[in-house]
Structure formats: C-alpha cells, structure tokens
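# Overview (structure and organization)
As a plain string of letters, each chain reads:
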Amino acid sequence: MGCEKNYTSRRHFGFAIITAIAFVLPFIKINDSHFFLLSFDKSKLHLLFTQFDMQELYLMPFLFIILFLFIFFLTTLGGRVWCGWSCPQTIFRSVYRDLIQTKILKIYKNIKDKQKQQDVSVFKRALSVIIWACLSVLIASNFLWYFVPPQDFFAYLSDWTNHKVLVGFLACITLWLVFDVCFLKENFCVYVCPYARIQSTMFDNDTIQVLYNEERGGKIYDKGTKLWKKPQIEGAQCTGCEACVKICPTHIDIRKGMQLECINCLECSDACSKVMAKFNFPSLIEWTSENAQKTHQKVKYFRFRTIAYVAILSVASVVLVLMSGKKEHMLLNINRTSELYNITKDKNVENSYTFLFQNTDSKKHTYYFDTNDTNIKIVRPSEPIEVKPNHKQRVIVILGSKNLNLNDQKDMPITIKINAYAVDEKEKISVDRETVFVYPKKQNLN
Ligand code: SF4
Ligand code: SF4
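Please read these numbers as outputs of a predicted model, since none were measured by experiment.

This next bit is on the nonpolar core. Among the nonpolar cores identified, the biggest contains 29 residues, and Tyr-353, Phe-355, Phe-357, Phe-369, Leu-399 and Phe-437 are the most heavily contacted of them. Elements with a contribution of two residues or more to this core: β8 (330-336), β10 (349-359), β11 (365-371), β13 (385-387), β14 (392-401), β15 (412-422) and β16 (430-439). With five residues, the top contributor of residues to this core is β15. When sequence neighbours within four positions are dropped, the list of residues in contact with Phe-437 reads Arg-336, Val-349, Asn-351, Tyr-353, Ile-376, Leu-399, Gly-400, Ser-401, Met-412, Pro-413, Ile-414 and Ile-416. If you look at the next biggest cluster of nonpolar residues, it comprises 23 residues, including Tyr-221, Cys-244, Ile-254 and Met-276.

Here it is as structure tokens:
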C-alpha cells in the first residue's frame, strides 16, 4: 500500500490556493495601487503595486515576452502541467462535474467514473446549470475586478443604467462560462484552446508527461488498435480493470499513448495507483519523461533547452526590473499655442504654451520648471503648480525674451530645453522636454 500516490488531492489543494489568490488579490492595495489592474476608464496599468500611465506602456512588450517565454519553458519542462494543475477551465470543470454534478446532485455515479451519467431527472440537470450560473456571475465579476477595481465595480453596478457596457461584459462572460463549462466541457481543451494545439511542438523526449508504462503493464494497443482488455503476456501487471479509462475527464485511454486530449490531470495515475497498491506495485501510469521511463533514470531537468529558457527569462526579467525602476513620477506634455509670438509694449517677445503636468506618483507634488536659455524668462506662471497624486493639471505658460538679436529676413525659431521638476523632490522627480521659442524678424518688432 506504500506505493499509492494521490495527485488529485494535491491538485485540489492547488486549485483552492489559486482560487483564493484570484479572489483576494483585487482587494489588496499598497499605496493605492493594485498587484495587477488594467484600467481602461482611468488609462492606468497597475503592476506589482506600482501605477503606470498608458503613456508608459513600454513595459508591456517585456511583460508579454516574459509571459510567452515562461509558457515555453514550463511546457518544455513539465508538458501540460498548466492544463492539469492551474488552468481555470480545468478548475471550473472539476467544480462543476466533480463537486456540483457528482458529489452534491449525484448525476454521475461516483467520482471515479466520468463516462456514464445516471438516469436522473431533468430538474437535477437544470439545477446543476443554475448553481453553476450563479457561480459564473461571481467568477465573471472576479475576472472584471482586474479591469475595474472592486470598489468601482460595485459602485458602477448600483448605478447600472450609466454603466451598461460593464453590465454587458458581465452578462456575456457569465453566459460564456455557462456554455463552456456545462455544454462545451473538455471539448474546449481539445478543439478551442490554441495552447493545446501548439504545446506538443515544445515537447522533447525529456519533457514530463503522463505515460503508461508498457514495459510493466504490457502492451494494450498496437498502432492505435486495441489488442485486448487485459494483456495476455506473462508478467504483465495491467489488470484490465480500466479504472484509468473510466476516470478520465477527456474520455481517452492513456494506454494508447500520449494524446492531444490529455490535460495531464493525473486522475488516471491515481486510479491505477489504488489498483496497483493491492499488489504493492506503483501506478502503471507515471508522470515522467519518455527518456526517464526507457532508461529507468531520473528526469533530466537541466538540459540545453531548459537552461537556455532560464537564461533568456533571467535577462528579460532583469531588463523589466531596470525599466520599471526608470518609471517617471511625473509626465509633461508641451504644446505651443496657435499664436506664433506676441510683442508687448516694452518690446518683450512672448511665446505661449500649454503644459500638461501629470503626477504619476502616489503623493501630492508641486512642480516648476527652468529653461536652458538664460535669455528666456518665465513670465507666467509665477508660482509652482500643485498636482494631486494620479491627477493632471493643464497650465498656460508664457516665456518671454528681450534679447533681440533678430534676423532681418525671417522669424527665427530656436530649440530650447525645458527642465520640469518637483520642487519638493528635485533630485528624484525631474523631466526634460524640448520645445521651440520663436523670435520675430526685425521689421515685425519695429
Ligand atoms: S487502472 Fe492500471 S491496471 Fe487498471 S486498466 Fe488502467 S493501467 Fe491497467
Ligand atoms: S489520460 Fe485522462 S485522466 Fe489521464 S491525465 Fe490525461 S486527461 Fe487526465
């Protein structure tokens, strides 16, 4: 009995942790920032409790590169470990089929047989869909909290007539979840999910997969054709009980070999483990690599491909950290007004601009600025500008110059540098922008 493994309870424990994290995370805020929030209505990305303006989305490509690299790395190393252990589709199907349909409503005979439904009333079947539909509203809300933070989400829902887009999204996601989990089922994994289609291209002979041990159990299939239920081979351990087949949520027989439908849930391995434990053998369905099974060696985790992925991932992560460290705590956009220049009575040449200060920091700041041209003075504003955290402030700026080294023939635009800074934290918060100051031609001044 010592050989009996239980991947299923470990997976269920993992599902509980992932679900708890997914539900709690949107409620956690540090310095008014979320772990992850992509807010379209406020044009903000919150990442790792830091807020980024949409203008700072230069980080997004790095995030996508890291995400894809991580998926490649994980798939090369552990096969479809994501599908079996953390994919929301797998979690939802386990809750619906194993908990609601089997344990609560007894629509399936027992948890070990996912192939045959009992002859139960239409009422019970409808009830299972209704229960899941209620849970789907909660799951859809949870999903939307990563785009609309919970406090806004509930406020918008209570004023739903003014937030019909949000209500529409909530309804569509809920309906999709009901259709997907109750009717599409594992067909989603087989026919819809793009990851299922491409993952096998990332496999090599050292990738961990769910594999039937033909050497111990005996050959059941030959080139896809079933030879027998129980192998008629001397010493073959497979009893032909087909507990592994009955329990499979995607309705396959893993003894046929690795198949696209297999989501690596390892329920077949657990089922066989219970059967084999009676003979004091380990499960005939192993979570191992082809090479490890053939050579009776341990799985080779450190190989060229996995090491290369780790190296590239490390470089991309370091770049991401360095780039996010360069986050600008203020943003400044400068636009010239349509008027080229204005000449005052005392022959001061003035150029007007609109400065848009944006405080992307988590606290209030006052901003002011200098120009690099000592001939140009700030006429307006005379006082620093106060901007609340995560707010913008538009300011009319007038720069003036009396240095009238003018051209006889034409107006003279010169490029000037504006250094804007937070008066209270000049060292940390400072940005440079370029703009143009136009001097009139001599005859205009006269
Ligand atoms: S559960 Fe194990 S012993 Fe039973 S049929 Fe499957 S592989 Fe053979
Ligand atoms: S063969 Fe079926 S039960 Fe076994 S891991 Fe694959 S999907 Fe799960």
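The environment of ligand 1 is formed by Tyr-212, Cys-238, Thr-239, Gly-240, Cys-241, Glu-242, Ala-243, Cys-244, Arg-255, Cys-272 and Met-276. Looking at the shell around ligand 1, the elements that each hand over two or more residues are α11 (243-246) and α12 (267-277). Class assignment for the residues of the shell around ligand 1 results in seven nonpolar, two polar and two charged.

A cluster of nonpolar side chains, namely Phe-13, Ile-17 and Ile-21, defines an oily patch on the protein surface of about 300 Å² accessible area. Note on placement: Phe-13 falls in helix α1 (residues 7-24). Take Phe-13: its relative accessible area is 56%, and that puts it in the exposed class.

Reading the values: the criteria
- Residues numbered from 1 in each chain as written.
- Chains lettered and ligands numbered in written order.
- Predicted model: local features only at pLDDT ≥ 70, side-chain atom pairs only at ≥ 80, totals over all residues.
- Heavy atoms only, no water.
- Core = buried A, V, L, I, M, F, W, Y, C linked by side-chain atoms within 4.5 Å.
- Buried < 20%, exposed > 50% of the residue type's maximum accessible area, 1.4 Å probe, protein only.
- Helix = DSSP H or I, 4+ residues; strand = E, 2+ residues; numbered from the N terminus.
- Contact = heavy atoms within 4.5 Å.
- Near = heavy atom within 4 Å.
- Nonpolar A, V, L, I, M, F, W, Y, C, P; charged D, E, K, R; others polar.
- Patch = residues over 30% accessible without salt bridge, like charges linked within 9 Å, V, L, I, M, F, W, Y side chains within 5 Å.
- Areas by Shrake-Rupley, 256 points an atom, 1.4 Å probe, with all protein chains shown as cover.
- Salt bridge = Lys/Arg side-chain N within 4 Å of Asp/Glu carboxyl O.

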